[in-house]
Amino acid sequence: MAENISILNGDCEISDNGSFIYPKDKAMTTDDLQNFVEYHNDTLKPGYVALRKEYLGQHPIFDKVKKGGLRPDNRLMANLTKYVVETFNGYFIGVPPNITLNDEKDNEELQTWIGSNSFADKLSEISRQCDIYGRSIAFVYQDENSNTKVTYTGPETSFMIYDDTVEMNPIAYVRYSFNNSEVNGTIYFTDYQYNFDGTYKLTDVNAEINPFNAVPAVEFSSNVYKQGLITDIKSLNDALDNALSQKANQNEYFDNSYLSITGLELPTDKDGNPIFDLDGNQVFYSPEANAKDAEVKFIEKPDGDNMQEHLIDRLTNMIYQISMVSNLNDQAFAGNSSGVALKYKLLPMQNMAVNKERKFTQSMRKLFKTIFSVDTILKNDHVDAWKDLSFKFYQNLPINTADESNTARSLEGIVSKETQLGTLSFVDDPKKEIQRMADEHVDEVENAKKAAGNITDQGD
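Here the structure is a predicted model, which is why all the values come from computation and not from measurement.

Quick look at the pattern of salt bridges now. Working definition: two side chains of opposite charge can pair if their charged atoms are close together. Summed over the entire model, instances satisfying the criterion amount to 15 salt bridges. One salt bridge in this structure joins Arg52 and Glu156, with 2.7 Å as the shortest N-O distance. Taken together, the residues span a long stretch of sequence, with Arg52 in helix α1 (residues 30–56) and Glu156 in the loop between β6 (148–153) and β7 (158–163) at a distance of 104 residues. The exposure class assigned to Arg52 is partly exposed, which follows from its relative accessible area of 28%. Note that Arg436 is salt-bridged to Glu433, the shortest N-O span being 2.7 Å.

Set out below in structure tokens:
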């Protein structure tokens, strides 16, 4: 449970990681629901919107007031925030995790459901939202044919409410939207779900039975503070945008070299104007100086290039260091580095992935507990099968299949066949692979019998 709790209004509280808290045994009141929704919309949502804009490249550099006069006003954006998110998300869940059950029949039904619901794709989007916002919510529902489905919702228009116990069990899940200052939404409790409007009233008229007998949503996060990758590097990326834009402005400004003509009087026309096109040609002309000091030259720009380049490099390196995501374009990854050397370079990212894996494993187990609570996926009342789930994550790295094969071969007779095959990253489902091997063996035996029978017939 989070340590610091702040009171919003009445019985509504919020923890230091942005989680809403409500008394365990108290029914949600109209005023309290309104307090939660309005606080989320007015206080928390703007922060999530800012993070989304940063990820999408809608950076503050584009909102600055335009410069007056004729000076260049370039607006350059280097979206390293998106690069960091996509790199780490691909590393963490670019290879979908294996989710399996020990029971062969149950596992087959589970894999069918995972495939038909595109669960791997949705899990990838949940992971991406965790890297952007620090949190994401998986929502379980039933379609018009009573098929159990899963989707995901972002924290901009949805949130969880937890009880005030040490375990922080979910009390409700809320989805809402504002249209012309009018709110519409739905709150999901363990037993019922209610649609609400601007009155925030929860009555039997707008109530529906919740078939899952549990709050049908689970919050995912990468860490206990529910902080994403963008939060700590946003100011650095904005500073990098400013540095790149300023450098482009100076280059454009000084690339238009100015010709200085002093102490030298040019020929004039009948009106006394110098016979020289001064308009638009960046020329300083001053004939009043002494003739002996006459000079014609181009004005050189001041050299601040090294200082600018140093700032850009420093900001870029700090973005990768603070986000703890490796810069895969860095020269350190060039050449034929050994597998061990590459692992050391990826160690900070690997540490984050391991922590995120533990959090995701907990959340997915809770999610499947809700999914299995209805008899639409696993038959024969296997509602407790979520306890037997196994989750195997694979960090998305270049694969040396020869090394993996040698490792698997060396485990022959030491570990189970399933564990042995589990060391091969290109084997998606060890259980299914074992079944394929058994089927192939049966086919080989049958083919051998047929071949032997044909030889005997020929001998006769």
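Okay, the sheet that holds β6 next. A sheet is described by the order of its strands in space; here three strands give the open sequence β6-β5-β12, paired in antiparallel fashion. Looking at the sheet topology across the chains shown, the edges are occupied by β6 and β12 (217–221). Each strand axis lies, on average, 25° off the axis of its neighbour in the sheet, ignoring direction. Of the strand pairs in this sheet, strand β5 (residues 135–142) and β12 are connected by five bridges, and their pairing is antiparallel. Within the sheet, the bridge partner assigned to Phe139 lies in β12 and is Ala217.

Bringing the packing of aromatic side chains into the picture now. The final tally for this structure, using the stated rule, is 23 aromatic pairs. Between Tyr48 and Tyr133, the ring centres sit 6.0 Å apart and the planes meet at 85°, which makes this aromatic pair edge-to-face. Of this pair, Tyr48 sits in helix α1 while Tyr133 sits in helix α4 (residues 119–133), and the two are 85 residues apart along the sequence. On the basis of relative accessible area, Tyr48 is assigned to the buried category, the value being 10%. Look at Tyr133 and you get buried, because its relative accessible area is 10%. In this structure an aromatic cluster arises from ring pairing among Phe20, Tyr22, Phe36, Tyr39, Phe159, Tyr176 and Phe178. Sitting above the plane of the Tyr55 ring, Lys82 keeps its charged end 5.6 Å from the centroid.

Ranked by internal contacts, the top residues of the largest apolar core, which has 50 residues, are Ile99, Phe119, Phe220, Phe368, Ile371, Phe372 and Leu389. A per-element tally of this core places helix α8 (residues 347–371) first, with eight residues. Judged by nonpolar contacts, the second largest core, of 28 residues, contains Tyr55, Val85, Ile187 and Tyr194.

Let us look at the pairing of β7. Consecutive side chains along a regular strand alternate between the two faces of the sheet. The buried fraction of β7 is high, at six of six residues. The side-chain alternation of β7 yields two buried faces, one formed by Ser158, Met160 and Tyr162 and the other by Phe159, Ile161 and Asp163. Both β7 and strand β8 (residues 170–179) contribute to a ladder of five bridges, which runs antiparallel. Among the inter-strand pairings, Ser158 is bridged to a residue of β8, identified as Arg175. The hairpin turn running from β7 into β8, its antiparallel successor, is six residues long, and Met168 in that turn takes a positive phi close to 50°.

Analysis parameters
- One numbering rule holds for all chains: residues counted from 1, following each sequence as written.
- A pLDDT threshold of at least 70 governs which residues receive local features in this predicted model, and a stricter bar of 80 or more applies before side-chain atom pairs are shown or counted, although totals over entire chains, interfaces and linings include all residues.
- Side-chain descriptors were evaluated using all non-hydrogen atoms of the structure, hydrogens and water having been removed beforehand.
- Salt bridges, as used here, are contacts in which a Lys or Arg side-chain nitrogen is within 4 Å of a carboxyl oxygen on Asp or Glu.
- For the purposes of this entry, the term helix denotes a DSSP run of H or I that reaches at least four residues, the term strand denotes a run of E that reaches at least two, and both are numbered from the N terminus.
- Working definition: with a 1.4 Å probe on protein chains only, accessible area under 20% of the residue-type maximum means buried, over 50% means exposed, and in between means partly exposed.
- Paired strands are those between which DSSP finds at least two bridges.
- In this analysis an axis means a line fitted to C-alpha atoms, helices contributing only their contacting stretch, and an angle means the value between N-to-C directions, from 0 to 180 degrees.
- The criterion for an aromatic pair is that two Phe, Tyr or Trp rings (for Trp, the six-membered ring) have centres within 6.5 Å, with stacked assigned to planes under 30 degrees apart, edge-to-face to planes over 60 apart and tilted to the rest.
- In this scheme, Lys NZ or Arg CZ marks a charge over a ring once it lies within 6 Å of the ring centre and within 35 degrees of the ring normal.
- Think of a nonpolar core as a cluster: buried Ala, Val, Leu, Ile, Met, Phe, Trp, Tyr and Cys residues, connected wherever their side-chain atoms sit within 4.5 Å.

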